[in-house]
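A look at the structure
One-letter residues, chain by chain:
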Amino acid sequence: MSTPRFLTLPGTVRSRRLATGRGRFAVLESTPPAAGPRPGTAVLVPGFTGSKEDFIALGEPLARRGFHTVAVDQRGQYETEGPDDPAAYTRDALVDDVLAIADAVAPGEPIHLVGHSYGGLVCRSVALRAPERLASLTLMSTGPAAICPPEIERLLLLEDVLPVLTRQEVWEAMQAVELEAGLLPPTDPAIAAFLHARWLGTVPAGLLAMAEQLRSEPDLVADLAAVVAAGLPALVISGVEDYAWPVPWQAEMAERLGVPHVAIPGTHHSPNVEAPGATAVALADFWTDAAVYADRA
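Predicted model only: the values in this text are computed from it and were never measured.

Some remarks on unusual backbone geometry
Positioned with a positive phi, Tyr78 is a non-glycine residue whose angle comes to about 45 degrees. Summarising the element assignment, Tyr78 is placed in the loop between β4 (67-72) and α2 (91-105). We note that Ser117 has phi near 60 degrees; this positive angle belongs to a residue other than glycine. Assignment of secondary structure puts Ser117 in the loop between β5 (111-116) and α3 (118-129). Residue classification places Ser117 among the buried positions, given a relative accessible area of 10%.

If you want it as structure tokens, here you go:
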């Protein structure tokens, strides 16, 4: 899971509940200073076991470039409520949620949409359904189809235990596995407490549905390439290594889409957390170029 480096909200960022036509979503919203141009609004969608805090370090630098950003907890994630029925977490339902969020934060205007990891699969589905609602699409640390085989094995194990153990018992088991693998918990007690609270706050039914989608996702790159060819600006961002979708998979996906691939130096599965400054520059430069392209079109 992505581990934020800090939790104190930067000056431009506020936490709030966003009212939409599909209910209320917990968000971190960053608003640029009143003076200066407002080149657009971006919606940032986190991945499996993630949350809006995965983008906490992007809000301030993107606001300095003039962008209004809204990072969300998807339904059932951390501070956004969700039902206990896995059927409520279909891809169509999650796409409907993102479109409702877009309508609430930028009514009548196309948004820049960013999806990290599993969130990238959701955002790809948004682009396939409603490309006219997007000013651009960024796929970050996500892949062309299902997650890699070793991760599928881990997902199957999680799917086995979630229905029979409490969230606390699963948490303790995951911590034991990580310790055995030499992965130490965060030294900052506030970060450690946040990760624990986020896990306990995430609805198991949502995790089960997302896990099944991660291990069975079809390859829809050709479908998305057609949307890109029709005029949707898109970008692939990755780390230089990735345990979920190997970076060569992501680079090949970008090539098939005919879009740039930016590998953020010194990062792995979460460049948004591991190198937020460089990631924010890559996003803001891309969004600015997309706006110039749209003006010329």
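Examining the packing of aromatic side chains
In total, this model carries two aromatic pairs according to the counting rule given. Ring centres of Phe67 and Trp287 lie 5.0 Å apart, and the angle between their planes is 65 degrees; this geometry places the pair in the edge-to-face category. Taken together, the residues Phe67 in strand β4 and Trp287 in helix α11 (residues 276-296) connect sequence positions 220 residues apart. Comparing Phe67 with Trp287, the two get one shared label, buried.

As for the packing of helix α8 (residues 221-229) against helix α9 (residues 247-257)
Relative orientation of the contacting elements α8 and α9 amounts to 45 degrees, with a least axis distance of 8 Å. Comparing their axes, α9 and α8 come out oblique. In this structure, α8 contributes Val221, Ala222, Leu224, Ala225 and Val228 to the contact, and α9 contributes Met253, Arg256 and Leu257. For the contact of α8 with α9, the residue count by class is seven nonpolar, no polar and one charged.

Quick word on the layout of surface pockets
The volume enclosed by the largest pocket comes to roughly 1400 Å³. Lining the largest pocket are 44 residues; nearest its centre among them are Met1, Arg154, Met174, Glu178 and Tyr243. Those elements giving two or more residues to the lining of the largest pocket turn out to be α4 (149-161), α5 (167-180), α6 (189-201) and α10 (271-274). With eight residues, the single largest contributor to the lining of the largest pocket is α5. Of the residues contributing to the lining of the largest pocket, the split by class is 27 nonpolar, eleven polar and six charged.

About the criteria used
- Residues numbered from 1 in each chain as written.
- Predicted model: local features only at pLDDT ≥ 70, side-chain atom pairs only at ≥ 80, totals over all residues.
- Heavy atoms only, no water.
- Helix = DSSP H or I, 4+ residues; strand = E, 2+ residues; numbered from the N terminus.
- Buried < 20%, exposed > 50% of the residue type's maximum accessible area, 1.4 Å probe, protein only.
- Phe/Tyr/Trp six-rings, centres within 6.5 Å; stacked < 30°, edge-to-face > 60°.
- Axes fitted to C-alpha atoms, helices over the stretch in contact; angles between N-to-C directions.
- Parallel < 35°, antiparallel > 145°, perpendicular 65-115°, else oblique.
- Contact = heavy atoms within 4.5 Å.
- Nonpolar A, V, L, I, M, F, W, Y, C, P; charged D, E, K, R; others polar.
- 1 Å grid on protein atoms, 1.4 Å probe; cavity = no way out; pocket = protein on both sides within 12 Å on 5 of 7 lines; lining within 4 Å.
- Points joined across faces, edges and corners; volume = space filled by probe spheres on them.

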